[in-house]
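# Structural overview for review
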Amino acid sequence: MADLAGILGADRLSDECGTPILTPRDAAEVSTLLEAASKTGLALVVRGGGTKTNWRPEPTRCDAILSTAALVGIVDRQPGDMTLVAQAGTPLAALQAAVTGDATHHQRLMLDGVGGEHATLGGILATRAAGPRRQRYGTPRDIVIGARYVTGDGLAAKTGGTVVKNVAGYDVAKLLIGSQGSLAVITEVSLKLHPVPDAARTVILQTTAVAAVTDFVAAVRTAPITATVFDVRWPDGVVAVRIESTPDGAAAQIDLLGGFAALEELSSEAGNALLEEHLAFPFSGAGAVLGVGVRPEHLGTLLTAIAAAGGLFVGRATLVAGDIVLPDLDPERITQLVQAVRDMGGNVQARRGVETHRLATGAAAPGVASVEAAIKQQLDPAGVLV
Amino acid sequence: MAETTGALAVATQARAIVGPDWVVTDAAQLRVYECDGLTNHRIVPGAVVLPGSTEQVAAVVRLCHEHHVPFVARGAGSGLSGGALPTEDGIVIGLSRLREVLDLDAPNQRVRVQPGVTNLRVSEVAAPHGLYYAPDPSSQQVCTIGGNLAENAGGAHCLKYGFTVNHVLTATVVLSDGTIVELGSEAPDAPGLDLLGVLIGSEGTVGIVTEALLNLLPKPEHVETLVAMFPSTETAGDAVSAIIAEGVVPAAVEMMDRLAIDAAKTQTPITWDTEAALIVELDGPANEVRSQFEAINAICKRCGADAVQVAASPEERLTIWRARKSAFAAVGQLSPAYLVQDGVIPRTRLPEVLNGIRALADEAGLRVANVFHAGDGNLHPLVLYDNAVAGEQAKAEAIAMRIVELCVDFGGSITGEHGVGIEKVCSMPKMFTGDDLTAFDRVRAAFDPVGLCNPGKLLPTPRLCGEVPGFYHTHRVETAGLGERM
């Protein structure tokens, strides 16, 4: 550890509850650090804002934390090309503010700030975190157009680029997104930006009948409606649709929605507050948190299963993906829900709770597991990144 | 030659797997497979095997693995970067028999298809349900889904809707040792690595797709299309920037220069007489489209369009798109031979790059037609040449390469949708450092440690490109003790 601190200088090493924190200033230092750690057999955990560290199981060992806190700032922004390049440790909120703060260009960065104001760009990617606006804009895999990264043994490399369309080379960013920092340290990210629409309106359907929810969702799904947010909150019984368009376009879509069910329109402030509330939902309350995804047809079955297990759900109505909070951390209920989702052919990922991780972590299919292991071996041969 | 024996040995044993009718070893028949859409590269393969199921593909790949015989998957063979170019000691695994639409699940808006199904067919089978498949490469009538996944195919409408990678849920894949895996998930947010994301666009170097589950979209309620005639590509480029600045994301923004228009006129009844035609299409909810379309119409006029034609009917829209999509092939009417190039630039650099291309063309004394996806800066310069004139093909190839390298100089990419294939392997070091390429090579090695899956494509090799600085490393074949460097 003294060696690693020596690489960075004493001021880049701090200590948290007995675990040293290394804070490299640039990709070159990350590279030197990882190369040295590879040779000495150290285990490092990469950390951005530290807002989603419990989205993964506790590491079995951790000699030091590699913090991206010093890898901050916008590297390049091209409003005409609607692209942005930023260092991975930059808080997403700061990036969003910088983009939307430029009043002349009316653009925005459509990654959802899952984890709050401290969540970093790199952390959002590493955890593949996405919130309500994925309904229209997708997840990090749909918004990232390139990245710079340092492999576990210190190779500093680039994938993709800064143009929105590009198929040269492997899309390594796809591998890094969702890899929980286990393959490489992401140091810089290129992103697509989107225009800010002129109008945003939110309507909600309030019902505690599952069939009323699924009927409404099915009707909207096939209707000419482009929702930015289409969320269900359950068992509260709220379905929210946010339309962002031209004023005319939004008005027509809101009218159309009103034909499917009796809806209430929220004020602009209330609509924004609902969005924030849904974004923060997986961090709310106490207890176990599970991220779930099922096929569209299973929305109703999922809602019923969640209510039966005493869980709370906020998620995307048509994808179907979202988060379940189980307030009482009861292993039996966690198991019951995990099984129910798997019976639907769905996916479960533990978000919070050591027990949740133990109960919700499944094994990859044998052939897939071998490829995953081979990728880990190729990108982090010494197993530095844990 | 030991290698030929290897391919023939695989072919002989493959007869028992796929049936004798589905193995090609006859020299004349093998020539059918000597090239794909990049016709200036031709290599006759050792043998061709045409499996009829996932299991047969896996069994044939296992044979190749046992005999250390390289293989390349082939769909329609319409690729433009030589991605399906065979090796003479290798096997072509043709997927043309796997062309069933297996299951259309309209309520969940998805369709399961075999890799030999054409792109357009997917939208055709989805149409009765009000659905369609968004990626629409210009070759969509013939190109197949397997090839679309290999190349991460885009098309005119990917500006708004994204590429193949944004529309595939799962893929059944035969890996380089014959293992069958299911990548991706029918439901969102699968745990584990996004292997499907790296497979798509891997140009057949990490495995062979034998089935895919595709996401379908509801057909847009309303579509509006216009063609604006500009006095120059520069003014048309200004209009593109102005449209983007307006905060509109059109479904497509395409540009054709005069030479490309002249070519298209030989195939379609268009009367455009202008230096640059800008095609803009909007789709979505009717009211939104109508208000944005008015704004775009005004922008085009403000930016100097001499005339704006609005498609008044679906037929007129079809004619516009036929003109655009036929432009590549139509250039064949203007020139005995031509190369299709594919480069990307930040769209704000369009005027500078087009001037650069013109200068390169003038310098070489060759004509270059430009047809491109202006909205996302994806250029398709077509370099016209006469292959009967000695040295002209080499000159055209050199210009084509200099054009993509110019794109890189302006912060772009050597390929937006056609892939690196064999054509651009030696341009990869222009865009990526030795360390970048080493990292790519490691990803490849994770999927294909022995190097049998479409070797020589996507990444530069010393044999093809000379030593790339910083890129020397022990080849996997050496590490495995299967061969040594001369």
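Since we're looking at a predicted model, the values are computed, not measured.

Conventions and cut-offs
Residues numbered from 1 in each chain as written. Chains lettered and ligands numbered in written order. Predicted model: local features only at pLDDT ≥ 70, side-chain atom pairs only at ≥ 80, totals over all residues. Heavy atoms only, no water. Helix = DSSP H or I, 4+ residues; strand = E, 2+ residues; numbered from the N terminus. Rg over C-alpha atoms; globule rule 2.2 N^0.38 Å. Buried < 20%, exposed > 50% of the residue type's maximum accessible area, 1.4 Å probe, protein only. Areas by Shrake-Rupley, 256 points an atom, 1.4 Å probe, with all protein chains shown as cover. Lys, Arg positive; Asp, Glu negative; His and termini not counted. Charge placed at Lys NZ, Arg CZ, Asp CG, Glu CD. Contact = heavy atoms within 4.5 Å. Polar contact = N/O pair within 3.5 Å; in protein donor to acceptor, adjacent residues only side chain to side chain. Buried area = accessible area lost by both parts, 1.4 Å probe. Salt bridge = Lys/Arg side-chain N within 4 Å of Asp/Glu carboxyl O. Nonpolar A, V, L, I, M, F, W, Y, C, P; charged D, E, K, R; others polar. Phe/Tyr/Trp six-rings, centres within 6.5 Å; stacked < 30°, edge-to-face > 60°. Disulfide = S-S within 2.5 Å. Core = buried A, V, L, I, M, F, W, Y, C linked by side-chain atoms within 4.5 Å. Pairing = 2+ DSSP bridges. Axes fitted to C-alpha atoms, helices over the stretch in contact; angles between N-to-C directions.

A count of helical and extended segments in chain A gives 14 helices and 19 strands. Against the globule reference of 21 Å for 386 residues, chain A gives a C-alpha radius of gyration of 22 Å, in line with a compact fold. Dimensions of chain A, computed from the C-alpha atoms along their principal axes, are close to 65 × 55 × 40 Å. Expressed as a percentage of its 386 residues, the buried residues of chain A come to 58%. As presented, chain A carries roughly 13800 Å² of accessible surface, and 52% of it is formed by carbon and sulfur atoms. Of the side-chain charges in chain A, 31 are positive and 39 negative, and the distance between the mean point of each set is 4 Å.

Looking only at helices and strands, chain B features 18 helices and 19 strands. Here the C-alpha radius of gyration of chain B, 23 Å, is about what a compact globule of 486 residues would show, namely 23 Å. Each principal axis of the C-alpha atoms in chain B carries an extent, and together these give about 65 × 55 × 40 Å. When burial is assessed residue by residue, chain B has 61% of its 486 residues classed as buried. Relative to all contacts within chain B whose residues are 6 or more apart in sequence, the contacts with residues 24 or more apart total 71%. Summing over all exposed atoms, chain B offers an accessible surface of approximately 17200 Å²; the carbon and sulfur share of this is 51%. When the 35 positive and 58 negative side-chain charges of chain B are each reduced to one mean point, those points stand 2 Å apart.

For Asn108 of chain B, the position within the fold is in the loop between strand 5 (101-105) and strand 6 (110-113). Looking at Asn108 of chain B, the relative accessible area reads 2%, which means it is buried. Engagement of the side chain of Asn108 of chain B in a polar contact is seen with the backbone nitrogen of Glu297 of chain A, the distance being 2.8 Å. Among all residues touching Asn108 of chain B, those that are not within four sequence positions of it are Arg221, Arg295, Pro296 and Glu297 of chain A.

Let us now look at the interface of chain B and chain A. A common way to express how large an interface is: the accessible area buried when the components associate. Opposite the 78 residues of chain B that make contact, chain A presents 67 residues. Summed over both partners, the interface of chain B with chain A comes to about 5900 Å²; 58% of that surface belongs to carbon and sulfur atoms. Summed over the three residues of chain B that lose the most area to chain A, namely Asp189, Leu193 and Arg442 of chain B, the buried surface amounts to 13% of that side. The interface formed by chain B and chain A includes six salt bridges. Across the pair Asp153 of chain A and Arg442 of chain B runs a salt bridge whose closest N-O atoms are separated by 2.8 Å. At the surface where chain B touches chain A, the tally comes to 29 residue pairs in polar contact (both at pLDDT 80 or more). Among the secondary structure elements, those contributing two or more residues to the side of chain B that touches chain A are strand 9 (180-184), helix 7 (195-199), helix 10 (286-302), helix 15 (428-431) and helix 16 (434-447) of chain B. At 11 residues, helix 16 of chain B tops the list of elements feeding residues into the side of chain B that touches chain A. When its residues are assigned to classes, the side of chain B that touches chain A shows 35 nonpolar, 27 polar and 16 charged.

With that settled, consider the packing of aromatic side chains. Going through the model one piece at a time under the given rule, you end up with five aromatic pairs over all chains. Seen from their ring centres, Tyr170 of chain A and Phe440 of chain B are 6.1 Å apart, and the 70° between their planes marks the pair as edge-to-face. Note that Tyr170 of chain A is positioned in the loop between strand 9 (156-160) and helix 7 (172-176) and Phe440 of chain B in helix 16, a pairing that runs across two chains. Here the aromatic rings of Tyr132 of chain B and Tyr161 of chain B are separated by 6.4 Å at their centres, their planes lie at 85°, and the arrangement is edge-to-face. Placement of Tyr132 of chain B in strand 7 (residues 131-132) and of Tyr161 of chain B in helix 6 (residues 158-161) is noted, with a sequence separation of 29 residues between them. In this structure, Tyr132 of chain B and Tyr161 of chain B share a single accessibility class: buried. One aromatic cluster in this structure is built from Tyr170 of chain A together with Phe432 and Phe440 of chain B.

This part takes up the state of the cysteines. All names here are of chain B. For the structure on display, the rule yields one disulfide over all chains. The disulfide that involves Cys426 links it to Cys465, with 2.1 Å between the sulfurs. The chirality of the disulfide connecting Cys426 with Cys465 is left-handed, given an S-S dihedral of about -80°. Here Cys426 is found in the loop between helix 14 (392-409) and helix 15, whereas its partner Cys465 is found in helix 17 (residues 462-465), with 39 residues between them in sequence. With relative accessibility at 39%, the residue Cys426 sits in the partly exposed group. Accessibility expressed as a relative area gives 23% for Cys465, which makes it partly exposed. Of all cysteine sulfurs in the structure, the one in Cys158 sits closest to Cys143, which takes part in no disulfide; the separation is 13 Å. Among the residues examined, Cys143 registers a relative accessible area of 5% and is labelled buried. You can see Cys300 has no disulfide; the closest cysteine sulfur is in Cys303, sitting 7.1 Å from it.

With 134 residues, the main nonpolar core has Ile375 of chain A together with Phe230 and Leu278 of chain B as its most contacted residues. Counting residues per element, this core draws most heavily on helix 14 of chain B, at nine residues.

Before going further, it helps to spend a moment on the environment of Asp153 of chain A. Residue and element names in this part refer to chain A. Inspection of the secondary structure puts Asp153 in the loop between strand 8 (144-151) and strand 9. The exposure class of Asp153 is partly exposed, given its relative accessible area of 21%. Separated by 227 residues in sequence, Asp153 and Asp380 have C-alpha atoms that sit 5.8 Å apart.

Our focus in this paragraph is the side chain of Thr228 of chain A. All names here are of chain A. Relative to the helices and strands, Thr228 resides in strand 13 (residues 227-234). Taking relative accessible area as the criterion, Thr228 reaches 0% and is therefore assigned buried. Engagement of the side chain of Thr228 in a polar contact is seen with the side chain of Glu244, the distance being 3.2 Å. When sequence neighbours within four positions are dropped, the list of residues in contact with Thr228 reads Pro132, Arg133, Gln135, Arg136, Tyr137, Arg242 and Glu244.

As a further point, take the sheet that holds strand 6 of chain B. All names here are of chain B. Here five strands make up an open sheet; going across it, the order is 5-6-10-8-9 and the pairing antiparallel. Only two strands of the sheet have a single partner each, and these edge strands are strand 5 and strand 9. The average undirected angle you get between the axes of adjacent strands in this sheet is 15°. For strand 8 (residues 168-174) and strand 10 (residues 208-215), the ladder comprises six bridges, and the chain directions are antiparallel. Paired with Val174 across the strands is Ile208, a residue of strand 10. Where helix 4 (residues 119-126) meets the sheet, it contacts strand 5, strand 6 and strand 10, and its direction lies at approximately 40° from that of strand 5.

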